[in-house]
Amino acid sequence: MIFESSFWKDDLLRSAKQLRRKALQRRWPEASVANLEQSLMLGFYSIRKIIEARKISDSLTDRDVKLVQFPALPKARITRINRLSVERHYDLESPRDVGRKMEFLCNQLVHSYIFITVFGEERGVDSFLFVSDRERAKGLYSISLDQVVGIFEEVGNNYPNACQYRWNAGRGDYDVSSA
């Protein structure tokens, strides 16, 4: 359990600065791609832990994050062997804008079955394709690097100034809301 979230949030803010530079990076050795993936995984794991500890406002936790979803093709059989052949499994010509909660996004990235860095034509990293094992048959998601940086910064700067505790007899614990 996170008691003092400022250390976690400061790390997110540092990661956001590093990620912002990735949009301009031209050379991508394998180690750089691995470090980028690690930054995203650890960042979204941190956000999930911060959410679970109720250390950001409910309005941020409950807001829909705008993602792009590419629907799975009807006969797609996505396996460990073929999972990176996304053009065979997803309709990349029919993107749909969808909204998903922050915790959903965190879980998709932390538990990603598919994770692909998408590079822009004129600059470095543009976006990421991802989906968890549980969601892989429904569709593939995309989020831009700019959105990731924005999320890291917003969570890193979010300090609720009020918490409310209500006893939940069904759970035998308190429900906590933060504002």
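For the structure, see preceding data.
Counting of residues starts from 1 at the beginning of each chain's written sequence and follows it residue by residue. With pLDDT at 70 or above as the cut-off, local features in this predicted model cover only qualifying residues; side-chain atom pairs require 80 or more to be listed or tallied, and sums for whole chains, interfaces and linings still use all residues. As a convention, hydrogens and water are excluded, and side-chain values are obtained from all of the structure's heavy atoms.

With respect to the pattern of salt bridges
Alright, step 1. The term salt bridge refers to a side-chain nitrogen of Lys or Arg lying within 4 Å of a carboxyl oxygen of Asp or Glu. Evaluated as defined, the whole model comprises 10 salt bridges.
Alright, step 2. Across the pair Lys-49 and Glu-52 runs a salt bridge whose closest N-O atoms are separated by 3.7 Å. Of this pair, Lys-49 and Glu-52 both sit in helix α2 (residues 30–52), three residues apart, roughly one helical turn.
Alright, step 3. Only protein chains enter the accessibility calculation, which uses a 1.4 Å probe; a residue whose area is less than 20% of its type maximum is buried, one above 50% is exposed, and one in between is partly exposed. The exposure class assigned to Lys-49 is partly exposed, which follows from its relative accessible area of 23%.
Alright, step 4. Notably, a salt bridge pairs Asp-64 with Lys-101, separated by 3.0 Å at the nearest N-O pair. Within this pair, whereas Asp-64 is found in strand β1 (residues 64–71), its partner Lys-101 is found in strand β2 (residues 96–101), the two being separated by 37 residues in sequence.
Alright, step 5. Within this structure, Arg-48, Lys-49 and Glu-52 form a network of salt bridges that share partners. Under the scheme used here, helices are H or I runs from DSSP no shorter than 4 residues and strands are E runs no shorter than 2 residues, and both carry numbers assigned from the N terminus.

Things to note about the nonpolar core
Alright, step 1. Here, nonpolar core means buried Ala, Val, Leu, Ile, Met, Phe, Trp, Tyr and Cys residues that are tied together by side-chain atoms lying within 4.5 Å of each other. Judged by nonpolar contacts, the single largest core of 44 residues is most densely connected at Phe-44, Ile-47 and Ile-151.
Alright, step 2. For this core, the elements supplying multiple residues, two or more each, are α1 (6–22), α2, β1, α5 (102–110), β3 (112–119), β4 (125–132), β5 (139–144) and α6 (145–156).
Alright, step 3. Sequence-distant contacts of Ile-47, that is, excluding residues within four places in its chain, are made with Leu-12, Met-102, Cys-106, Ile-151, Phe-152 and Val-155. Here, residues are in contact when the closest pair of their heavy atoms is within 4.5 Å.

Notes on unusual backbone geometry
Alright, step 1. Of note, Arg-54 is a non-glycine position whose phi angle comes to about 60°, a positive value.
Alright, step 2. Positionally, Arg-54 belongs in the loop between α2 and α3 (58–62).

Examining the side chain of Asn-158
Alright, step 1. In this structure, Asn-158 sits in the loop between α6 and β6 (163–168).
Alright, step 2. Setting aside its immediate chain neighbours within four residues, Asn-158 contacts Lys-9, Lys-55, Ile-56, Ser-57 and Leu-60.

Here we look at the sheet that holds β5
Alright, step 1. The sheet built from five strands is open, its strands ordered β2-β1-β5-β4-β3 with antiparallel pairing. Edge positions in the sheet fall to β2 and β3, since each has one partner strand and no second. Sheet twist, expressed as the average angle between the axes of neighbouring strands with direction ignored, equals 35°.
Alright, step 2. A pair of strands is considered paired only if DSSP assigns at least 2 bridges between the two. In this structure, β1 lies alongside β2, joined through six bridges in antiparallel fashion. A fitted line through C-alpha atoms represents every axis, and for helices the fit uses only the stretch in contact; the resulting angles, taken between N-to-C directions, go from 0 to 180 degrees.

Some remarks on the environment of Glu-37
Alright, step 1. The residue Glu-37 is located in helix α2 in this model.
Alright, step 2. Looking at Glu-37, the relative accessible area reads 32%, which means it is partly exposed.
Alright, step 3. Remark: the alpha-carbon pair of Glu-37 and Leu-84, spanning 47 residues in sequence, is separated by 15 Å.

What to know about the packing of aromatic side chains
Alright, step 1. Any Phe, Tyr or Trp ring, taking Trp's six-membered ring, that has another such ring centre within 6.5 Å forms a pair; planes under 30 degrees apart are called stacked, those over 60 apart edge-to-face, and the others tilted. Considering all chains together, one arrives at seven aromatic pairs under this definition.
Alright, step 2. On the basis of an interplanar angle of 85° and a centroid distance of 6.5 Å, the ring pair of Tyr-165 and Tyr-174 is categorised as edge-to-face.
Alright, step 3. On the accessibility criterion, Tyr-174 (42% relative accessible area) is partly exposed.
Alright, step 4. Among the aromatic side chains, those forming a connected cluster through ring pairs are Phe-104, Phe-130 and Tyr-141.
Alright, step 5. Sitting over a ring, as applied to charges here, requires NZ of Lys or CZ of Arg to be within 6 Å of the ring centre and within 35 degrees of the ring normal. Over the ring of Tyr-113 we find Arg-83, and its NZ or CZ is 4.8 Å from the ring centre.

Spatial relationships are all this shows, so hold off on functional conclusions.
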